[in-house]
Amino acid sequence: MAMRMALGFLALAVAIVVANLAIQNSTRTARERMRQLVIEHEPVVRVTESLAGAIAVYERAVIDWTERDSVSLQQVQEASQRIADASESYGRLADRNVNAGNDAQLLQFSSKLEEFRAAGTELVRNRQVQQARIDRYWASFRQLNGLLLQSPQGMPQPRFSDEASLELSRTLDPVREHVSAAIRSRGEIALQPIVAGESAFKAALQKHAAHLAGLHGDEWVAQVTRRFASLLSARRTIFDVSVDLQQQSTEFRDSGAALSAMVLTQLVAPARVTLANADEMAARAAAQADRDLMWGSAGVLLLLLVISLVTVISVTSPVRRLTEATRKLAAGAARTRVPRGGVREMDVLAGAFNQMAEQLESAENEVRSHNARLEARVIERTRELEHLANHDPLTQLPNRRQLFAQLEAALGRARLADSRVALLFIDLDNFKTINDSLGHAFGDRVLQGVSERLREKGAFAGSFSARWGGDEFTVVFENVAAVSDAERMCALALEEFQRSLSVPGRELRLSVSVGAAVFPDHAVDAPSLLRSADVALFRAKELGRNRYSLFMPELLQAASSRFRMEQALRTAVERGEFELLYQPEVCFETLTTPTVEALLRWHQPDGQVLTPGDFLSVAEQSGLIMEISDWVLRTAIRTAASWHSGPWPQARVAVNVSAQQLFGTDFVARLRQLLDEFSLPPQRLELELTENVVQTGVATIAVLHALRELGVSIAIDDFGIGYSSLTSLEQLPLTRVKIDRSLIASIDGGVRSPAIVRSIIGLSRSLGLQVTAEGVERQSQLGQLLTDRGVHIQGFLVSRPLAEGRIPAFVAASPRYLDELRCSVPALESDLEPTGVRTLRTKVLRGARLTKQPIES
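Residues numbered from 1 in each chain as written. Predicted model: local features only at pLDDT ≥ 70, side-chain atom pairs only at ≥ 80, totals over all residues. Heavy atoms only, no water.

1. Digging into the pairing of strand β3 (residues 472–480)
Counted residue by residue, β3 has 7 buried out of 9 residues, so it is predominantly covered. Note: strand β1 (residues 420–428) against β3, 7 bridges, orientation antiparallel. Within the sheet, the bridge partner assigned to Ile426 lies in β3 and is Phe473. Note that strand β2 (residues 464–469) and β3 share 5 bridges and pair antiparallel. Note on β3: the bridge partner recorded for Ala466 is Thr474. Linkage of β2 to β3, two consecutive antiparallel strands, is achieved through a turn of 2 residues, within which Gly470 is found at a positive phi near 60°. (Buried < 20%, exposed > 50% of the residue type's maximum accessible area, 1.4 Å probe, protein only. Helix = DSSP H or I, 4+ residues; strand = E, 2+ residues; numbered from the N terminus. Pairing = 2+ DSSP bridges.)

2. Some remarks on the nonpolar core
Formed by 80 residues in total, the largest nonpolar core has its most connected members in Leu569, Leu671, Leu707 and Ile793. The element that contributes the greatest number of residues to this core is helix α16 (residues 625–644), accounting for 9 residues. Every residue in contact with Leu707, bar those within four places of it in the chain, is listed here: Leu662, Phe667, Val668, Leu671, Leu687, Val712 and Ile714. One finds Leu397, Leu447, Leu454 and Phe473 within the second-largest nonpolar core, a separate group that totals 32 residues. (Core = buried A, V, L, I, M, F, W, Y, C linked by side-chain atoms within 4.5 Å. Contact = heavy atoms within 4.5 Å.)

3. Observations concerning the sheet that holds β2
Two modes of strand pairing occur in sheets, parallel and antiparallel, and in both the strands are linked by backbone hydrogen bonds. Taking strand neighbours across the sheet as the criterion, the 5 strands line up as β2-β3-β1-β6-β7 in an open arrangement whose pairing is mixed. Where the open sheet ends on each side, the last strands, each with one partner, are β2 and β7 (548–550). In this sheet, neighbouring strand axes are inclined to one another by 20° on average, regardless of whether the strands run parallel or antiparallel. (Axes fitted to C-alpha atoms, helices over the stretch in contact; angles between N-to-C directions.)

4. Considerations on unusual backbone geometry
Across the junction of Phe519 and Pro520, the peptide omega takes the value 0°, indicating a cis bond. Mapped onto the elements, Pro520 comes out in the loop between β6 (512–519) and α13 (526–542). One non-glycine residue with positive phi stands out, namely Gln396, at about 65°. Taking the relative accessible area as the measure of exposure, Gln396 reaches 37% and is therefore partly exposed.

5. Focus: helix α22 (residues 753–766)
Compared with the 20 Å implied by 1.5 Å per residue over 14 residues, the 20 Å span of α22 between its first and last C-alpha is a close match. Among all positions of α22, only Ser753, Pro754, Val757, Ile760, Ile761 and Ser764 are buried. Projection of α22 onto a plane perpendicular to its axis shows the buried side chains occupying an angular sector of 130°, all on one side. (Expected span 1.5 Å × (residues − 1). Arc of directions from axis to C-beta.)

6. Comments concerning the pattern of salt bridges
Per the stated rule, a full pass over the model turns up 25 salt bridges. The salt bridge partner of Asp521 is Arg420, with a shortest N-O separation of 2.6 Å. Here Asp521, found in the loop between β6 and α13, pairs with Arg420, found in strand β1; they are 101 residues apart in sequence, far enough to count as distant. Judged by relative accessible area, which is 26%, Arg420 ranks as partly exposed. For Glu472, the salt bridge is made with Lys541, and the minimal N-O distance between the two is 4.0 Å. Within this pair, whereas Glu472 is found in strand β3, its partner Lys541 is found in helix α13, the two being separated by 69 residues in sequence. Under the relative-accessibility criterion, Lys541 is labelled partly exposed at 26%. A single salt-bridge network, built from bridges that share partners, covers Glu585, Glu597, Glu688, Lys738 and Glu774. (Salt bridge = Lys/Arg side-chain N within 4 Å of Asp/Glu carboxyl O.)

So, in structure tokens, the structure goes:
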């Protein structure tokens, strides 16, 4: 096959060489003629066209710069230089080529070209002159307008212009607009509106000349007159040069058009005709070369056809056999073989094909084996993914997804068997403390230990356990006989977790809270049962943790009520539903009202008014207490500031502060900011803190000392209940003690309450603390408290909480009202004289001492 191909290609090479020599001779002649024509005529065409383009570019650049300001002066200069360069190139070519024109024609063209450039340069220079005059005009205009807006002599800063000056300034506005429009206009300039505006200004100046001379002085009027005359002169020079510019622009356009036409007709057109003639001659030479090439190509193609036919016949037969065997092999017949024979190369190819078929058969067997192993691994991996989809990766307990499926199946079985299903929610108490103190890795091991405890056969035998999320787990018990059995399961769960939990490296004792719900007693479907158990768990946490709670319908109602209240609280401040009332704290010794306490009320859309005890717990749990407390503090300070600067200079307001607010970020800085914002002295504000907030920790003492350094008073509210501690009175920088209403309630009828109250009063006075008695609602309670001097009284007997606007009137009427109230207090049994005559204790205003007046028994 190689010999046959070699002979055929040798004959083809000889034919190609002969044809190539003939064609090269013809092509060489045509190429030489073309080169001579191009060398002779092409530069002339290129240079003349470049010159015509340079003229057009220069004309457009000059017009754009003078009329539209759309190009820079540098671009105009570059266009001018381009004309000079093109003219110089044309001159050098004309010296070498007679076809470019004679010397007289060249000199005439160069002269016109220089005149055209000079006209453009003059037009640019005149446009610069016009722009300078426009700038001087607007400078004069601003100076004149500045004179008009000067304040009259003796007027204070800031400046104020009189009406006459303003009228002159307004008269200039039309002149400014018409001049601006005329300057922007590229056509005929309308001078009538401008002259009319200037005349109007002149008339107004003459009209008010005497008045303005009286305000500003004769020199000012003379200066305005001179400025106006200068403005008229500047305007005339602008429009004089504008007319010249328009005429020069028109002449420049005409000159450019004539010069361009001269270049096109006298230079470009003849050069193009000459080049076209040269092209025609070159085309004839190229046509001859093409004919020679055509006949040579035809001969070569004929020879190639003969060689190809012989070669194809010798190759196609064995290739056909190989193709048929390939189809069979592709169809799956791995045992297919190609018959040997034909030219040597094709025979070798057939042998290689047979060897490939044997290897393919072996590879097919290997692939079948590999696919079997791969399918086994896919099945294993699918099983693992299904496990991950249904199990918690940390504890390997079923996750929420599997819990829902199992719970739905359990409820379905319970419906068919008419039995019960118990669902337990188990939450680890104080699990966050473990994470914070021992680390999250140890916390994960604790969760794994809990999951092992849930898998044990003890209390959770026969149940289904799952991890709900975080430190919460669920346990499902089927075939529960009664609701009481669910309680027993909860108790067993608590007992199960009383045993110590073994975690690698440590023995822990945990406590859990458990909430339980039973199907169908508490819910009829899986989502409702989960919600009921979760509500019961929340109740167990509220009761103090380490206990269980069974679902009750009222728990769900309470949770729904809490949710509704939380949602309403989130918009209460924005809607203005909160209001502050103020309850006076009075002093019967001085017959004054030293302080009022700010009390929060929530006016709901249905008209119901809630006190803080109805919603503050929800606000604290949801984190809204910070926003509400800040609103209360801001409103109270603003109100006290308005009283202090108005009807009640001695105003003093007491505000309750929550623990979250007190120990929040930068509470002292926020308080200082509000006091500065409303200009309220710190001595006019008292902060009330409950006993469970005011503890003797380091953080508490630091914050309270910072408040005292600021000048704010601090009172301990509801003293006598909760976490009453004498240590708090000794260590904390307090200024007042407010005795809780629970002690005042029995002061007039109890045996120990009077002694306790008097002891608190005496202790507080010995420590230098002021005392306020809260919740005084009966005259007999007031009578008991009047025996101690200086005790402030607060309660419904004195006044209910009042709106902001009623406080000043109450303070003004306090002396008379408190005197009448004090005198109406009945005598105490301890005030009986030995003679059997009762006395009524009254306060003598001028001496502030106790006197006795006999009254009939």
